[in-house]
Amino acid sequence: MSYQMSDYHYDNQTVRKFIYSSIFWGVLALVAGIWISVLFWAPGLNGPGWLTYGRLRSFHVNVMAFGLVLGALIGIFYYITMRLTKRPLLFPRVARSTVYLFNLAIALGGWGLLMGYTKSLAYNEFEWPASLLIVILWVLIAIVIFGTVIKRKEEQMYISLWYIIATVVTLAVIYVLNNLEVPAGLFKSYSIYAGVNSANVEWWYGHNAVGSELTMATLALFYYFLPKSTGLPIYSHRLSIIAFWSLVFAYLWTGAHHLVYTPIPDWIQTVAIAMSIFLIAPSWGSVVNGFYTVREDWSRMRTHYLTKFFILGITFYGLQTVQGPTQALRVVSSLIHYTDWVVGHVHMGAMGWDALVITGAIYYIIPRIYNTEIYSEKIANTHFWLVLTGQIIYSITMWIAGIQEGAMQKAVNPDGTLKYTWDQIVSKNIPYWQIRTLGGIIFVVGMLFFVYNVFMTARKGNALAASKA
Amino acid sequence: MAKNIYSKPVLFTILAVGTVLVGTLVTTFIPMMTAQMHPKLAGLKPYTALQLAGRDVYQSEGCPFCHTQTVRPLKTEVERYGAYSKAGEFYYDRPFLWGTKRTGPDLAREGGKYPDAWQYAHFKDPRAFSPHSIMPSFGWLQDSKLDPAQVQTHMNVLGFPYTPADIQALADKTRLDALVAYVQTLGTAVTRKAAVTAAVTVKKVHIKNPLAGNHEAAERGERLFEQNCEACHGKKGVGYIGPSLKDKNVFLYVKGNVPDDDYFDIIHNGTREGGVEDGRKEKGGMPSFGETLKKDEIWSLVTYIRSLQGEKEE
Ligand code: HEM
């Protein structure tokens, strides 16, 4: 049997709700981001309770990672899975229930962080009740996606489905294992892991949260939407296969590059550093695949407005995956670890790679769900240039600040005493932190253009549907 | 074959899980089964009820976003903070709180570095001590009291020893009291300055201040004093957390003038409870500046202190 457009209608509502929820959380998290960047040069603006830097910082990161990114990814996964399996979702009601569960989990977790309820594990700070909801959410999502894939109407699974499956299983394994904790009250728990061991588990998790959510999942989108939005097939299937398996294999070895020169055993650090270097290969497999795909016809950068989102996105991914392994080296780590340099690295990935690919994907999906065209390519282009400019200002200032901080902390006088006090180091950073706020504002204004464009497209689609009815 | 797995989702998923598990097991879960991941220093004690409550505050307020708790085995780092971190120091930490970013300095060796009074005053107004500090003020932590029953539950979950009196004593403590108690334990299981202060020993022969009476040195000393000392010794050394420096006939609470290099030593090395300088007992609480100030800066400070005591400059 073959499916009609109307069979997808219900599932499209689910996709749409995920995308809107993600935008809602994203705007909150972005505003929090701008605000904490201001607190870096105007510390007097810190308030008591939820108005203090420490709480808003964890709200920003976790709501960004789980609210904005994960929310958008789930919605887009559903969308891609339906297209690649040539059928509606297997359990449409379960799929729809995941939207509500998702919003409940983020609301509970995000509120908790503002109240000071945190596990203090990077990218896994929500206290246990919210984590538990996320685990249930993930099980349901796995059921919907695997069920749909198993009952698919298309024999071969396309590359994007491999990455979706890899994301679903990797995130499940790392999230559950890093969340083994003993509750000590409604909003407090203590990890079952202690000391150096807890550090090792946490960064195995932390690096692979980045590896699955911000890398594998985003690659799933990339491999689907690049051909769709350019009309060009992926350059090499064989390269895709090699890049996929080696990436999925190598990522899990590298967590300890976040712990260079800490008291965890040296051999674990060394293995992580070596595997980080190796990771350049699979990462660049996808970069090459992307570039060679569009090399067929570079004019699509102009004629197909979405091409540049994906090509610039994969370019930053390429830079990110050279910078990352370099940072893992002991000598480089000794300079830039614990400084703003790493913050620059993070944001090139998040703002340059993930944000471009995800917003590009949403631009592709929304008009198709509403049976219309994008409201304005011009606004989309303005959005593109603003987020690009904002991100570059952000990353570059943080790299400079980071090197300066690292160098000042290490500087010694001829007699071997330290040259700078901490106060001097902080004072030298302030101008860079101010420029970062500027970069951040430009980025967020760009994102607001995006939000406006999405909503106007939806409005246009609704009006069209009403006039037909 | 390769073609096959991409049309067999169950097999594909099993292979993907297997691939993911190899690195997971080798780098994380197999080491976990070995003793090297669970070391414990001999001198390490579990947290007391008040310290644990303080650790919870440290988590809640996001201190790890700006402060690390691991001194790396690098020369300048040992110089700035003290002995590098050992694996056995973190046995009771669930989870570890090493942090990832040093917007503020590392705190692994903070315990005992300053007196409690300094910590309170700094939390209330960091910029009074470090004019460019971007640390938020935490005076508001004083407005909320601890919940003894809750802390008791936390102690039980972690299996740390306590007495009913320990829990009762929490009733009139604030969250700030707890935070100070926690910060003051950091790194106390290792000797803080082992590698550093040993370099300068107390001299048998007295050295004269090479900058004695020098006007420029006194001015420089004044600036350094405002940056580094005023927070504790008050404006122009009138005394606050640390004693007044204005009377040249009192040093470490005992009458009688002392030579310039005793001043040098105390500024360079700091003091600790039970320590002795020129035969006089220290109560502790004076931080060491040997790592952050150059020799001639310390001598300039001595010149400035002497000028406060009425010594003439050239
Ligand atoms: C080959 C791939 C990559 C490698 C080997 C790598 C390596 C590293 C290293 C060594 C650090 C720690 C730096 C330090 O603290 O000294 C780091 C931090 C980070 N990276 Fe990457 N990176 C890679 C790709 C990416 C990508 C694609 C993203 C996506 C956004 C990303 C996001 C992050 C984040 C969020 C952190 C911050 C962790 C923290 O909180 O300290 N990385 N990376």
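Residues numbered from 1 in each chain as written. Chains lettered and ligands numbered in written order. Predicted model: local features only at pLDDT ≥ 70, side-chain atom pairs only at ≥ 80, totals over all residues. Heavy atoms only, no water.

(A) Just the site of the ligand, in detail. Residues in contact with the ligand amount to 27 residues; listed here are only the nearest, A:Tyr123, A:Gly324, A:His337, A:His345 and A:Val346. Residues close to the ligand are split across chains A and B. Within the side chain of A:Tyr123, one N or O atom sits 2.7 Å away from an oxygen atom of the ligand. Take A:His345: an N or O atom from its side chain is 3.0 Å from a nitrogen atom of the ligand. Where the shell around the ligand is concerned, the elements lending two or more residues are helix H6 (195-230), helix H11 (307-328) and helix H13 (340-369) of chain A. The element best represented in the shell around the ligand is H11(A), accounting for seven residues. Its residues placed into classes, the shell around the ligand shows 13 nonpolar, 13 polar and one charged. (Near = heavy atom within 4 Å. Polar contact = N/O pair within 3.5 Å; in protein donor to acceptor, adjacent residues only side chain to side chain. Helix = DSSP H or I, 4+ residues; strand = E, 2+ residues; numbered from the N terminus. Nonpolar A, V, L, I, M, F, W, Y, C, P; charged D, E, K, R; others polar.)

(B) A look at unusual backbone geometry. In the segment running from B:Arg94 into B:Pro95, the intervening peptide bond is cis, with an omega of -10 degrees. When you line up the elements, B:Pro95 lands in the loop between helix H4 (75-81) and helix H5 (116-124). Positive phi is not limited to glycine here, since A:Tyr261 has a value of about 70 degrees. Looking at the element boundaries, A:Tyr261 is found in the loop between helix H7 (237-251) and helix H8 (266-278). Classification of A:Tyr261 by relative accessible area gives partly exposed; the value is 22%. The phi dihedral of B:Leu252 is positive, around 45 degrees, even though this residue is not glycine. Residue position: B:Leu252 is located in the loop between strand E1 (250-251) and strand E2 (254-255). Exposure remark for B:Leu252: the relative accessible area of 13% places this residue in the buried category. (Buried < 20%, exposed > 50% of the residue type's maximum accessible area, 1.4 Å probe, protein only.)

(C) Geometry of the interface of chain A and chain B. Listed per partner, the contact involves 93 residues of chain A and 84 residues of chain B. Interface area, chain A with chain B, both sides summed: about 7700 Å², of which 66% is carbon and sulfur. Where chain A touches chain B, the interface holds three salt bridges. Measuring nitrogen to oxygen at the nearest pair gives 2.8 Å for the salt bridge that ties A:Arg55 to B:Glu61. Remark: the boundary between chain A and chain B carries 28 residue pairs in polar contact (both at pLDDT 80 or more). Here the side of chain A that touches chain B gets 10 residues from one element, more than from any other, and that element is H6(A). (Contact = heavy atoms within 4.5 Å. Buried area = accessible area lost by both parts, 1.4 Å probe. Salt bridge = Lys/Arg side-chain N within 4 Å of Asp/Glu carboxyl O.)

(D) Local environment of the domain arrangement of chain A. Residue and element names in this part refer to chain A. Looking at chain A, the domain boundaries give domain 1 (1-192) and domain 2 (243-459). The distance between the C-alpha centroids of domain 1 and domain 2 comes to 21 Å. With both sides pooled, the region where domain 1 packs onto domain 2 buries about 2400 Å², and carbon together with sulfur makes up 80% of that total. The interface formed by domain 1 and domain 2 holds zero salt bridges in total. Of all the secondary structure elements, the ones that give two or more residues to the side of domain 1 that touches domain 2 are helix H1 (9-39), helix H2 (53-85) and helix H5 (159-178). Counting residues per element, the side of domain 1 that touches domain 2 draws most heavily on H1, which supplies 11 residues. (Domains from an automatic or database assignment.)

(E) Local environment of the packing of H13(A) against helix H15 (residues 422-468) of chain A. Residues and elements named next belong to chain A. Between H13 and H15, the least distance of the axes is 11 Å, while the angle of their chain directions is 10 degrees. As the angle between them shows, H13 and H15 are arranged roughly parallel. Contact with H13, carried on its side by Asp340, Val343, Met351, Ala355, Thr359, Ile362, Tyr363, Ile366 and Pro367, involves Asn429, Trp433, Arg436, Phe443, Met447, Phe450, Asn453, Val454 and Thr457 of H15 and no other residues of that element. (Axes fitted to C-alpha atoms, helices over the stretch in contact; angles between N-to-C directions. Parallel < 35°, antiparallel > 145°, perpendicular 65-115°, else oblique.)

(F) Quick peek at the domain arrangement of chain B. All names here are of chain B. Entries for chain B in the domain assignment read domain 1 (2-37), domain 2 (49-183) and domain 3 (215-310). For domain 2 versus domain 3, the separation of C-alpha centres amounts to 28 Å. The interface of domain 2 with domain 3 comprises 11 residues on the first partner and eight residues on the second. Carbon and sulfur atoms make up 67% of the area that domain 2 and domain 3 hide from each other, which totals about 740 Å². Run the count over domain 2 and domain 3 and you get zero salt bridges. Where domain 2 touches domain 3, the interface holds zero residue pairs in polar contact (both at pLDDT 80 or more).

(G) Summary view of the nonpolar core. By size, the foremost hydrophobic cluster in this structure holds 156 residues, and its most contacted members are A:Ile76, A:Tyr78, A:Leu221 and A:Phe225. Among the elements that take part in this core, H2(A) stands out by supplying 20 residues, more than any other. Residues contacting A:Phe225, with those up to four places away along its chain left out, are A:Ile76, A:Tyr79, A:Ile80, A:Phe310, A:Ala361, A:Tyr364 and A:Ile365. Counting residues in hydrophobic clusters, the runner-up holds 34 residues, among them A:Tyr190, B:Tyr47, B:Leu158 and B:Val183. (Core = buried A, V, L, I, M, F, W, Y, C linked by side-chain atoms within 4.5 Å.)

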